[in-house]
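# Fold and geometry: a report
Take a look at the letters that make up each chain.
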Amino acid sequence: MGSAARGGGPGVGGSEPPRVARLLLTVSLPPRYREHQLGDLREEFLERQLRDSRAAARRWYWRQVIKSLVPSLAVRVRRSRAKRSTQRTRSHSMETLVQDLRYGIRTLIKSPGFAVVSTATLALAIAVNTAIFSLVNAIVFADLPMEEPATVTIFRGTNVQLNVEYGRFSLPEYLDYREHNRSFEGLAAWTADRWILTGAEEPIRVDGYRVTDNFLDVWRIGTVAGRKFLPEETTPGAPPVAMLSHGFWTRHFGARPDVIGSTIRLDGREHTIIGVLSPKLEFANLAEAELWLPLNWVRSDATRAERNVSVTGRLLPGVTVAQAQRDVAAIASRLADEYPATNRGWEPLVLTAMDSLLNDDSKTILLLLVITVGFVLLIACANVANMLLARSTARSREMAVRAALGARRIRLIRQLLTESFVIAVAAAATGLAMSRSLMWVLVWITQERERAFQMAVLDGNVLAFTLIVSLIAPLAFGLTPALRTSKEDVSESLKQGSLRTGAGRSGQRTRSFLVTAQVSLALMLMVVAGLLVRSVINLEQRELGFEPAGVLTMRITLPETKYETDEQRRQFFRDVTGRLATLPAVQATALTTERPAVSSGPNQAFAIAGRSYADDLERPTARSVTVDPSFLSLMRIPIIRGRGFTAQDTEESFPVALVSQEAARRYWANEDPVGQRIRIGEDDAAPWVQIVGVVADVRSNQDIERPDPQIYSPFAQEPRSAMLVMVRSLGNSEMLIEPVRREVWAVDPDQPIDDVRAMEQALYDSESSRYALLTLFVAFAVFALLMAAIGIYGVMSYAVSQRTGEISLRMALGAKTGHVRKMVLGQGVKLIGIGAAVGLLGAVLIAQLLSSLVFGISRLDPVTFVGVPAVLAFVGLLANYLPALRATRIDPMSALRVE
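Position labels on residues start from 1 in each chain and follow its written sequence. The predicted origin of the model limits local features to residues at a pLDDT of at least 70 and limits the giving and counting of side-chain atom pairs to 80 or more, whereas totals for whole chains, interfaces and linings rest on all residues. Side-chain descriptors were evaluated using all non-hydrogen atoms of the structure, hydrogens and water having been removed beforehand.

### With respect to the overall build of the protein chain
Applicable threshold: Under the DSSP-based scheme used, a helix requires at least four consecutive residues in state H or I and a strand at least two consecutive residues in state E, with every element numbered from the N terminus. When a residue's accessible area, from a 1.4 Å probe over protein chains only, is under 20% of the maximum for its type it is buried; when over 50% it is exposed; and in between it is partly exposed.
The number of helices and strands found in the protein chain is 28 helices and 22 strands. A burial count over the protein chain gives 49% of its 899 residues as buried.

Rendered as structure tokens:
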């Protein structure tokens, strides 16, 4: 029992280190060292207790505690002091920042003119940047409705011969792609449609889509009520069903859940409502859809010539768009060999869902807008920077006093940047409010017909963008002035009466560089605006080929369930035009499938009798329009040769057609087309049609250099269910809207009337997007020109004020007024010349983006590239002349006495 009884072992009561000594050590040691040191001491204590005795181990432990107590407390004290010092530093930094902000605000309040001008200048730039980014955000960064949108693709049919870039497909083609592709989880088809909804106070036209039963599965979109379509509901003869868009459900049914199972009457048939779609699907053009119905068809009834459906698909995991493109291109090549009459020349283009939203022109416009608003922001920052540099002269003594009292340069820079930050924050708040007004103006200009402008909203992305701009802008316009002001020579700045403080060569070079940059950027924006203005002028002055004034147009689409035969359609439109002709204010009525100059009809291939074609791709093409005999006289389109349509051109007479002058020039250059026969379409079984006349060209909004060739068919021989009714009035055409509605409903009270517009309004609407862009770019150009003029004036005024002594001495020694004026003007002309040269080079590069947006001129239009620099030079010289004139009015003796 010897040693164990004497000292005890581990785990025996009383074998632990002395409790008081351990407590003292615990309190004195820093937490990060405490556990490690206490553990080491305990192990040593236990070993000594076993080797020696418990009393000896306790004495050793106390000695270790006493020796480490003072150093441990010293470490604790140092750490506590360091922590308090850090807290004081942080608190001091925060207090200093608050002081800088307060001082910056007080300084700007003391200079209200500078504060207002600089804030307004920057606010305008931030407003246009925010508005345009909101547009880009709505399109490029849009939250697409489908799940995993990167794997969803849209097919586009292209045909070089027919000049088709975004065409559709036939149902048999869709089936071929669905059955033979190896790149997609599934393919779905859809097509736009319209129905007449009756049962309300008056019949209304509703837009929507017919889709295959798997459409929502391919896009992975669910319903908020009810269910999706079943496969058996897409077969002909199935009970008619419909799904409601979320917006239609809310507007017409008050978002009532009990609407599921009820019916609505479409085109005279009752349809059972089976579901309500997710609001996610109300996106871009899909937002116009109010109803979704099954695409009812069977393969045997569908022909390959009817290209009326769009195709979408979801890629298999790991498959790229390029691989899918090769896959469907191989299928298309095989189909072209098997069905050359309908498929040769047609190629599918596979695009991601996002890419399908933007064609090349849209991408060019967005890129151009982003570049120009960036230029606007840079010009504004340069202008504010110049104002800050000018203001730094007045504040040089203030900065010198603060430096003399011990303020470090970094402290002065921070103070000046804080003031710039205050300006930027005020400008950002003002710019956000202005951007909402600008977005409203764009919607107003386009008559709410351009969906992209309506999609633009100030969401989180836009607010984040504005915040980033507000943080970067102070560095862009405030850093250079802050660096220059903070390094002024203290002793020189403190000299009383010094007029040259801050006027070194380096400072003048900085200001000159900023003005040169402004001139360059302004010229580039003015060239873009000039090219667009010239294009719009050409569009306005072009010969349309008809007289739009006084013409009212409306679209009537007859439901095929009610008007099944051609004779029923003929009779309806005969009755309508007959009743309209009896109205007192109506001069004439007519029918057409397309509004002249607004839409131009489908492009169709045709064959000319007596000519052979090695390939279908060699056949000529023309725009196809169906009209009645009154159309040419109502629109005042002259007949060049032959005759127009008459009442004798009926369904029982030989088929006839009219061709435009462009078609005659292009396809019958050395012969008279009147009397020639053509076969419209690619079907060799189609009947021959005799050309009876040549009419003047009508230009559409798609015609750039030459009008498209057109073929006119008589309505009696080619009756359509969808026609435009045109009425020429003796006075204001819009006064006829209500009488026209009453006469149409007198023929059929269930027939809605759509798209009622005066012809002149329709022409404006067709170009509304171009007008909106023109408004934007002209506003940007005027802003840039104004800022450049202000910059030139400011720099030259500053230069004159700094050279007062030199000018006075020259004039005192006999220099003539003209010489002094020439000297000052020469300096400004140099800045304008350098800026214009750089700007012209940049304008040439930017003009490459405009080739598809200009009309009737070259993208390097000499009038624009000469006229714009001339206007800029005139404005710049005017801004330069005022300081030069002031320089010649300096009293030499008074100035020298002050100097």
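### A word on helix α2 (residues 19–28)
Selection criterion: Arc, as used here, means the arc of the directions from the helix axis to the C-beta atoms.
Inspection of α2 places A21, L25 and S28 among the buried residues, and these make up the whole buried set. Across the axial projection of α2, the buried residues extend over an arc of 70 degrees, all falling on one side. Looking at α2, the residues exposed on the side facing more than 90 degrees away from the buried face are R19, V20, L23 and V27.

### Some words on the pattern of salt bridges
We apply this condition: For this document, the term salt bridge refers to a Lys or Arg side-chain nitrogen within 4 Å of an Asp or Glu carboxyl oxygen.
One pass over the full model with this rule turns up 32 salt bridges. Between R574 and E567 there is a salt bridge, with its nearest N and O atoms 2.9 Å apart. Taking relative accessible area as the criterion, R574 reaches 43% and is therefore assigned partly exposed. A relative accessible area of 35% places E567 in the partly exposed class. When the shortest N-O distance is used, the salt bridge between R665 and D697 registers 2.7 Å. Of this pair, R665 sits in helix α21 (residues 661–667) while D697 sits in the loop between β19 (689–695) and β20 (710–714); the two residues are 32 residues apart in sequence, bridging distant segments of the chain.

### Section: the confidence of the model for the protein chain
Rules: Residue-level confidence of the predictor, termed pLDDT, takes values from 0 up to 100. Residue contacts are defined here by distance: any two heavy atoms, one from each residue, within 4.5 Å place the two residues in contact.
Of the residues in the protein chain, 80% reach a pLDDT of 70 or more, and the chain-wide mean stands at 79. Segment residues 496–503 is flagged for pLDDT under 50; beyond a separation of four residues in sequence, or across chains, it makes 17 contacts in the model.

### As for the packing of aromatic side chains
Convention followed: Here is the rule: rings of Phe, Tyr and Trp (six-membered ring for Trp) pair when centre to centre is within 6.5 Å. Planes less than 30 degrees apart are stacked, more than 60 are edge-to-face, and the remainder are tilted.
Counted by the stated rule, this structure contains 20 aromatic pairs. Measuring from ring centre to ring centre gives 6.4 Å for F631 and Y712, while their planes differ by 40 degrees; the resulting arrangement is tilted. Here the residue F631 occupies a position in helix α20 (residues 631–635), and Y712 occupies one in strand β20, the gap between them amounting to 81 residues. According to the relative accessible area criterion, Y712 is buried, its value standing at 3%.

### Considering the environment of V844
Here V844 is to be found in helix α26 (residues 817–847). On the basis of relative accessibility, which here comes to 31%, the residue V844 falls in the partly exposed class. For the pair formed by V844 and V527, sequence separation is 317 residues and the distance between their alpha carbons is 9.0 Å. In contact with V844, not counting residues within four places along its chain, are L860 and F865.

### A look at helix α6 (residues 171–180)
Most of α6 sits inside the fold, with seven of its 10 residues counted as buried. Within α6, burial applies to L171, P172, E173, Y174, L175, D176 and Y177. Those residues of α6 hidden inside the fold are in contact with β1 (152–159), β3 (184–198), β10 (310–315), α9 (321–338), α10 (340–343) and β11 (346–352).

### Considerations on the pairing of strand β9 (residues 291–294)
The line we're drawing: When DSSP finds at least two bridges between two strands, those strands are taken to pair.
Judged by which residues are buried, β9 turns out to be covered on both faces: L291 and L293 on one side and W292 and P294 on the other are all buried. Bridge count between strand β4 (residues 204–211) and β9: four bridges; the pairing is parallel. In the strand pairing of β9, R210 is matched with L293. The sheet contact formed by strand β6 (residues 241–244) and β9 spans two bridges and is antiparallel. Residue L244 lies in a different strand from β9, and its bridge partner there is L291.

### Some points on the environment of T158
Inspection of the secondary structure assignment puts T158 in strand β1. Linking T158 and F169, residues 11 residues apart in sequence, is a C-alpha distance of 9.9 Å.

### Let's talk about the packing of helix α19 (residues 566–581) against helix α22 (residues 737–747)
In a packed pair of helices, the relevant descriptors are the angle between the two axes and the axis-to-axis distance. Cut-off, in case you're wondering: Fitted lines through C-alpha atoms serve as axes, helices being fitted only where they are in contact, and the angles separating the N-to-C directions of these axes extend from 0 to 180 degrees. An angle below 35 degrees is read as roughly parallel, one above 145 as roughly antiparallel, one from 65 to 115 as roughly perpendicular, and any other as oblique. With the far helix as reference, a near helix turned anticlockwise by less than a right angle produces a left-handed crossing, and one turned clockwise produces a right-handed crossing. Only Asp, Glu, Lys and Arg are considered charged in this grouping, and only Ala, Val, Leu, Ile, Met, Phe, Trp, Tyr, Cys and Pro are considered nonpolar; every other residue, Gly among them, is considered polar.
Taken N-terminus to C-terminus, the directions of α19 and α22 make an angle of 140 degrees; their axes are 9 Å apart at the nearest point. Considering the angle they form, α19 stands oblique to α22. The two elements α19 and α22 cross, and the hand of that crossing is right-handed. On α22, the residues touching F572, D575, V576, R579 and L580 of α19 are V740, E743, V744, A746 and V747. Partitioned by chemical class, the residues of the contact of α19 with α22 number seven nonpolar, no polar and three charged.

### Comments concerning the pairing of strand β18 (residues 677–680)
With three bridges connecting them, strand β14 (residues 603–608) and β18 associate as antiparallel partners. Across the sheet, the residue bridging to I608 is I678, located in β18. Pairing geometry for β18 and β19, over two bridges, is antiparallel. Its bridge partner being in β19, I678 is matched across the sheet by V689.

### Description of the environment of G226
Within the fold, G226 resides in strand β5 (residues 223–226). The sequence separation of G226 and P257 amounts to 31 residues, and the corresponding C-alpha distance is 8.7 Å. Every residue in contact with G226, bar those within four places of it in the chain, is listed here: I260, I274 and G275.

### Points about the packing of α6 against α9
Two elements in contact, α6 and α9, have axes whose closest approach is 10 Å; the angle formed by their N-to-C orientations is 130 degrees. Between α6 and α9, the crossing angle belongs to the class labelled oblique. Seen along the crossing, α6 lies across α9 with a hand that is right-handed. Mapping the contact onto sequence places E173, D176, Y177 and H180 in α6 and D327, V328, I331, A332, R334 and L335 in α9. Across the contact of α6 with α9, the residue classes tally to five nonpolar, one polar and four charged.

### Brief notes about the side chain of D628
Checked against the element boundaries, D628 lands in the loop between β15 (621–627) and α20. Sequence-distant contacts of D628, that is, excluding residues within four places in its chain, are made with A590, L591 and F715.

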